[in-house]
Amino acid sequence: MRGKLQVPLTDLNITVYGHKEGAPTLVVAIAQTPDGFLWLGTRAGLVRFDGVTFKSIEEVKGYIQTLFVDARGDLWIGYRLGGAVRAHDGVYDDISAGLNPKRSVLQILADAQGTLWAATTYGLYHLSRDRWISASAAEGFDHALGPISLWSARSHALIAIEEGKTVWVQDSGQAHFHRANMDELVNAEFGVSAQHVSKGAMNVLKANFTDQSSTFRADQNGAIWTFRPSFMRLTDMPSAEGHTWTTEPWPDPAAAAGSGGFFSREQTVPQSAFIDREGNIWVGTIDGVVRFRANKMRSVAPDSVALAPAMDRDADGSVWVASSQHGPVYRVTHGVGQTWDAGKRWVQAVRVDREGNTWFLNNNLDVPFRENAIERVGVRGGTTKISYSLGVKNAVTAWADDPDGGYLLASPSGIFRWLDGRWSDGAGRPELPVDGPFRLTPDKHGGVWLAYPGNRISHLTAQGVTNYAEKNGLALGNIFAITTFGDDIWAAGDRGVAKLDHGQFIRLGGDIGNRLTGATGIVESSNGDLWVNCDAGLYHLASQDWGATLRGDRQVLTAAHLYDEEDGLQGGNIDVFPGPTLVEDGDGRIFAARLAGASWIDPKESSSNMQPPKVFIETIQADGVRYPLGQGPRLQARTHAIRIDYTATALSRPEQVTFKYRLDGVDSSWQVAARQRSAYYADLPPGDYTFHVIASNEDGISSIREGVAYFSVAPAFYQTWWFRAGYIGVAALLLWLIFRLRVRQLQSRLRLELRAKHEERDRIARELHDTLMQGMHGLVLKLQVWSDDPSIDAKHRRSMEGAADATRNLLTEGRDKIVALRSSSDESSDLLERFEQVGNECLSLKPGVNVLVQQAGQRRSLALDAAEEIFQIGREALRNAFMHASAQTVSVNIDYGVADLSLRISDDGDGLPPEVLGKGALPGHWGMLGMKERAKNLGGKLVLSGGKLQGTTVQLTVPGKTAYAN
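Residues numbered from 1 in each chain as written. Predicted model: local features only at pLDDT ≥ 70, side-chain atom pairs only at ≥ 80, totals over all residues. Heavy atoms only, no water.

Some remarks on the overall build of the protein chain
Part 1 of the argument: The secondary structure content of the protein chain amounts to 11 helices and 66 strands.
Part 2 of the argument: Radius of gyration (C-alpha) of the protein chain: 55 Å, far over the 30 Å computed for a compact globule of 966 residues.
Part 3 of the argument: On the principal axes, the C-alpha backbone points of the protein chain span a range of 175 × 95 × 45 Å.
Part 4 of the argument: Taking all 966 residues of the protein chain together, the buried fraction comes to 51%. (Helix = DSSP H or I, 4+ residues; strand = E, 2+ residues; numbered from the N terminus. Rg over C-alpha atoms; globule rule 2.2 N^0.38 Å. Buried < 20%, exposed > 50% of the residue type's maximum accessible area, 1.4 Å probe, protein only.)

So, the pattern of salt bridges
Part 1 of the argument: With the rule as written, the count across this model stands at 30 salt bridges.
Part 2 of the argument: Overlapping salt bridges bring together Asp564, Asp567, Arg653 and Glu655 as one network. (Salt bridge = Lys/Arg side-chain N within 4 Å of Asp/Glu carboxyl O.)

A short note on the pairing of strand S48 (residues 537–541)
Part 1 of the argument: For S48, the tally of buried residues reaches five of five residues, placing the bulk of the element in the interior.
Part 2 of the argument: By the bridge criterion, five bridges tie strand S47 (residues 530–534) to S48 in an arrangement that is antiparallel. When the sheet's bridge partners are listed, Val532 is paired in S48 with Tyr539.
Part 3 of the argument: Connecting the antiparallel pair S47 and S48 is a turn made up of two residues.
Part 4 of the argument: Of the pairings in the sheet, the one linking S48 to strand S49 (residues 561–563) comprises three bridges and is antiparallel in character. Looking at the pairing, His540 lines up with His561 of S49. (Pairing = 2+ DSSP bridges.)

Regarding unusual backbone geometry
Part 1 of the argument: Residue Pro229 is reached from Arg228 by a cis peptide bond, and omega for that bond is 5°.
Part 2 of the argument: Structurally, Pro229 can be placed in the loop between strand S19 (224–226) and strand S20 (232–239).
Part 3 of the argument: The phi angle at Asp130 is positive, at roughly 65°, despite the residue not being glycine.
Part 4 of the argument: In this structure, Asp130 sits in the loop between strand S12 (123–128) and strand S13 (131–134).
Part 5 of the argument: Here the phi dihedral of His334 falls at roughly 55°; this positive angle occurs in a residue that is not glycine.

Some words on the environment of Glu605
Part 1 of the argument: Positionally, Glu605 belongs in the loop between strand S52 (597–601) and strand S53 (614–622).
Part 2 of the argument: Remark: the alpha-carbon pair of Glu605 and Gly447, spanning 158 residues in sequence, is separated by 35 Å.

Here we look at the sheet that holds strand S40 (residues 456–461)
Part 1 of the argument: Strand order in the open sheet formed by four strands is S38-S39-S40-S41, with antiparallel pairing between adjacent strands. Only two strands of the sheet have a single neighbouring strand rather than two, namely strand S38 (439–442) and strand S41 (464–468). Neighbouring strand axes in the sheet, compared pairwise and without regard to direction, differ in orientation by 20° on average.
Part 2 of the argument: With four bridges joining them, S38 and strand S39 (residues 448–452) adopt antiparallel strand pairing. Opposite Pro442, over in S39, you have Val448 as the bridge partner. (Axes fitted to C-alpha atoms, helices over the stretch in contact; angles between N-to-C directions.)

Details of helix H1 (residues 182–190)
Part 1 of the argument: Within H1, the full set of buried residues consists of Leu185, Val186, Ala188, Glu189 and Phe190.
Part 2 of the argument: A side-chain oxygen of the first residue of H1 lies 3.2 Å from the backbone nitrogen of Asp183; this N-cap is Asn181.
Part 3 of the argument: Directly after H1, the chain includes Gly191, whose backbone phi takes a positive value near 75°. (Polar contact = N/O pair within 3.5 Å; in protein donor to acceptor, adjacent residues only side chain to side chain.)

Some words on the side chain of Ser525
Part 1 of the argument: On the secondary structure map, Ser525 appears in the loop between strand S46 (521–524) and S47.
Part 2 of the argument: Engagement of the side chain of Ser525 in a polar contact is seen with the side chain of Asn527, the distance being 2.5 Å.
Part 3 of the argument: Look past the residues within four positions of Ser525 in its chain and what remains in contact with it is Phe485, Trp531 and Glu584. (Contact = heavy atoms within 4.5 Å.)

Focus on the sheet that holds strand S9 (residues 91–94)
Part 1 of the argument: One open sheet accounts for four strands, arranged S6-S7-S8-S9; its pairing is antiparallel. Taken across any chain shown, the strands that pair with only one partner, and hence form the sheet edges, are strand S6 (64–69) and S9. Averaged over all adjacent pairs, the angle separating strand axes in this sheet is 20°, with direction ignored.
Part 2 of the argument: With four bridges connecting them, strand S8 (residues 84–88) and S9 associate as antiparallel partners. Its bridge partner being in S9, Ala87 is matched across the sheet by Tyr92.

Looking at the pairing of strand S33 (residues 383–386)
Part 1 of the argument: Relative to S33, strand S32 (residues 374–377) runs antiparallel, the two sharing four bridges. Bridged to Glu375 within S33 is Lys385.

Thoughts on the UniProt feature "transmembrane region" (unreviewed entry) in the protein chain
Part 1 of the argument: As recorded in UniProt, the sites labelled "transmembrane region" (unreviewed entry) are residues 721–739.
Part 2 of the argument: The span residues 721–739 carries 100% helix and 0% strand; its end-to-end C-alpha distance comes to 26 Å. (UniProt positions renumbered as here; feature names shortened; annotations may be inferred.)

Points about a nonpolar patch on the surface
Part 1 of the argument: Taken together, the side chains of Val730, Leu733, Leu734, Leu735, Trp736, Leu737, Ile738 and Phe739 present a nonpolar region at the surface, about 850 Å² in accessible area.
Part 2 of the argument: Its place among the elements puts Leu737 in helix H5 (residues 721–787).
Part 3 of the argument: Take Leu737: its relative accessible area is 42%, and that puts it in the partly exposed class. (Patch = residues over 30% accessible without salt bridge, like charges linked within 9 Å, V, L, I, M, F, W, Y side chains within 5 Å. Areas by Shrake-Rupley, 256 points an atom, 1.4 Å probe, with all protein chains shown as cover.)

Quick word on the nonpolar core
Part 1 of the argument: Leu831, Phe835, Ile870, Val892, Leu903 and Leu956 are the most contacted members of the largest nonpolar core, which totals 38 residues.
Part 2 of the argument: Breaking this core down by element, the ones donating at least two residues are helix H7 (831–845), helix H8 (864–884), strand S63 (889–896), strand S64 (900–907), helix H10 (927–937), strand S65 (941–946) and strand S66 (952–959).
Part 3 of the argument: Ranked by residue count, the leading element in this core is H8, at nine residues.
Part 4 of the argument: Aside from chain neighbours lying at most four places away, what touches Phe835 is Val853, Ile870, Phe871, Gly874, Arg875, Leu878, Val892, Ile894 and Leu903.
Part 5 of the argument: Ile617, Val657, Phe691 and Val693 belong to the second largest nonpolar core, which has 26 residues in total. (Core = buried A, V, L, I, M, F, W, Y, C linked by side-chain atoms within 4.5 Å.)

With respect to the side chain of Glu584
Part 1 of the argument: Note that Glu584 resides in strand S50 (residues 582–584).
Part 2 of the argument: Despite its burial, Glu584 pairs with no opposite charge; the closest candidate is Arg313, at 4.8 Å N-O.
Part 3 of the argument: Of note is the side chain of Glu584, whose polar atom sits 3.4 Å from the backbone nitrogen of Ser526.
Part 4 of the argument: Excluding its chain neighbours within four sequence positions, the residues that come into contact with Glu584 are Arg313, Val523, Glu524, Ser525, Ser526, Arg589 and Ile590. (Lys, Arg positive; Asp, Glu negative; His and termini not counted.)

Section: the packing of aromatic side chains
Part 1 of the argument: Taken as a whole, this structure holds 35 aromatic pairs when the rule is applied.
Part 2 of the argument: Ring centres 6.0 Å apart and planes at 70° place the aromatic pair Tyr17 and Phe54 in the edge-to-face group. Of the two residues, Tyr17 is situated in strand S1 (residues 12–17) and Phe54 in strand S5 (residues 54–61); the sequence distance between them amounts to 37 residues. Phe54 shares its class with Tyr17; the two are buried.
Part 3 of the argument: Between Trp320 and Phe360, the ring centres sit 5.5 Å apart and the planes meet at 80°, which makes this aromatic pair edge-to-face. Here the residue Trp320 occupies a position in strand S27 (residues 319–322), and Phe360 occupies one in strand S31 (residues 358–362), the gap between them amounting to 40 residues. By the burial criterion, Trp320 is buried, and Phe360 matches it.
Part 4 of the argument: Ring-pair connections join several aromatic residues into one group, and the members of that group are Trp359, Trp399, Tyr407, Trp418 and Trp423.
Part 5 of the argument: The side chain of Arg48 reaches across the aromatic face of Phe37, ending 3.9 Å from its centre.
Part 6 of the argument: When the ring centre of Phe871 is taken as reference, the NZ or CZ atom of Arg834 above it lies at 3.8 Å. (Phe/Tyr/Trp six-rings, centres within 6.5 Å; stacked < 30°, edge-to-face > 60°. Lys NZ or Arg CZ within 6 Å of the ring centre and 35° of its normal.)

Some details on the packing of H8 against H10
Part 1 of the argument: At their nearest, the axes of H8 and H10 sit 9 Å apart, and the two run at 155° to each other. By the angle between their directions, the pair H8 and H10 is classed as roughly antiparallel. Of the two possible hands of crossing, H8 and H10 adopt the one that is left-handed. Contacts from Glu869, Gln872, Ile873, Glu876, Ala877 and Asn880 of H8 reach H10 at Gly927, Met928, Met931, Arg934 and Ala935. (Parallel < 35°, antiparallel > 145°, perpendicular 65-115°, else oblique. Left-handed = near helix turned anticlockwise from the far one by under 90°.)

Written out as structure tokens, the structure reads:
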């Protein structure tokens, strides 16, 4: 990894974890297991860290001296007071057999073959079948060893140092140790001969040698970190000899404010060091741990401060950066910054004109500073200085080529023009606003875009002026930046950014548009991505995403990435001046100016954390009771509140790790938990559940495997299947009882109604018999007497005889009606008895007919309403047989069947005419139709059969469920 560009030490982000963050004290050992957890060995025991929470391991107590993770992922723990423990899947086994119980275990390491070695204050041991074996001649040692230290060199050789004097080396792939000199030690650690190691680096190596333990830790870029004799980095740098390992001490805090200095305090003296899989450097101290993380953005001026700088890009793609607060000027080429002028300047604006000349505008307008305050650096060298116009009363904001020749100067006082060595007020264009613009941005056609406060933009060309305002879609408030990329025109302001499209500015809306407030700089890069410098920080928007959002196809911009101060962005947003605050150099790097300085990022060199976090479910709590995960806990019945705690091992930006989870059977989709590390559920019904959780790191890289936990909720007795079955049975029984009660109520009501009806019929029958029928009988007698009186004319006697016959017929009909009324008032459901009664009444009107009433099957109780309808049908048929059939015999047969009830009434009379059999009734007669309607209401079937001189049979069949009471 020789020659790889190293991150400047001042571009390391430092996070201190102390007592307030829950960190343990006196961290003397650090290791990381494959699951991503960081393990801290302390004076009090073992502590696990996931980036957010420090968790003390109750099973491991005591003064820990060393930690090591072997190839299987097991964690080995060596104690200062003797002994060793192996941790595997949460099981802690004592592996101390063979060790001197009173001697410190200083280091535990593995050689290239995977054999474990333990260095103690009593000698060197290797592990065989869970027992430590003292090193001897079999391993290459020619004498019994005393106190010894051990470390693994960068070449994977194992180095043992006896009492700080004798060096033993086990080369990679070898089983034996051999005595070694300093040159071999240098080669094992640095991979080069001693002549390629600087004196300073050699002294660092010797300091670790004499202290009997190495604090060397190699990072992902090939550099070596150590805290002995002080915290520093050793790097392989180009030199006259080719390459030389040199030291890079931690910078003096006076030279880089806020970037260090705490290692000078006794409480923060390094005790241990470790580099995790994400490239973070961890240092254990007396007070806790410190994390060093490389910023994603590089500062332009790491060795000094360039506050609120002005920037612009020159013809060869380099970027000028000049402090507006009495600082130097830098020129950054291919990512390497050089101090162009160390003198203190107050630069308010930098502009590279069309010819390649660079202009610096001093922002100090006090006399005599306003004299020669504008400096031009020629493209071929040489400088020219110009004094400000007397009309410039306050700060200057921008400088640009005038399309008509000369230059334009922008100030809150207005616009001023420099042409032919003279100043003139205004740009000579009355169409322009009279107040001064914030920005002047040249375009590729020689025109200039002017950005004003209050939703106003002007475009000045040699042909004229075009003004844009709210009527053109501008809704950004104050316009702080305009950028051009080809023919694309972008504007940035208070309320986000907008793009010019056919004379209208279209604001980037949706979810992302609301986050781009206070935009002071905007760049559309060469690959079409959009970069916005705003209050929240520096946003990077992928081209396909902002394009879809601008068209309205998408409201949420999922691929937007925010860079903030934790990524190396230099302070807060610049309010108005200077500008522009965002520039792209010739190599595609994006430079951002902020209040505390300028920094850049190279999109082509991925600075993303590509290490996917591993997610774990920690505990399940139900109503305050914590359950072990195991094979899936069974929660108590009637559990009200459930809390599921989970975490993820992402150590670079743990505060930006986001989660989403889903509980099968409850959540129809993934629930976005953002940065919350607990999920809550209430009143889950009994059953089996599976909980899933996924984590994503700060760069959107998601965990490869879901965290999964199984649990179940026990049912209460009233939630069991047998209780529900019993409940349903009881409910069905109650419904049946209620139904029966209702039926009985209806039957009782019907019975009362029928009784009332029958009583009314009896009353009517009595009234008819006692009044009308008696009167008619008297009338018949009188007519009969008159028809027999010879004194009356014969013609009149015949008329009276006819009237008497008609009255007798009417009297007969009346008697029949009375019989019908009295028959229908009989409440008895015994059809046999009732039909016998009807037969006797009919015989009283027409004697001489033989009546037979018979019953088949076991008599059953009939439903009252059904019994009445059946009786009425049978009575009508029986009456018809008596009155119209001239029958000698009439038979009634009642059959109580299992499935239905049958009633058959037959006679041997004249029979039915064919037209009656065809139509079922005679025109104008309604008796037969009434019988059919009653049969239909019963759901039964009525059949007429017979023929002329063949008698008549009426067959009624009624379903048992209708006819029978039960």
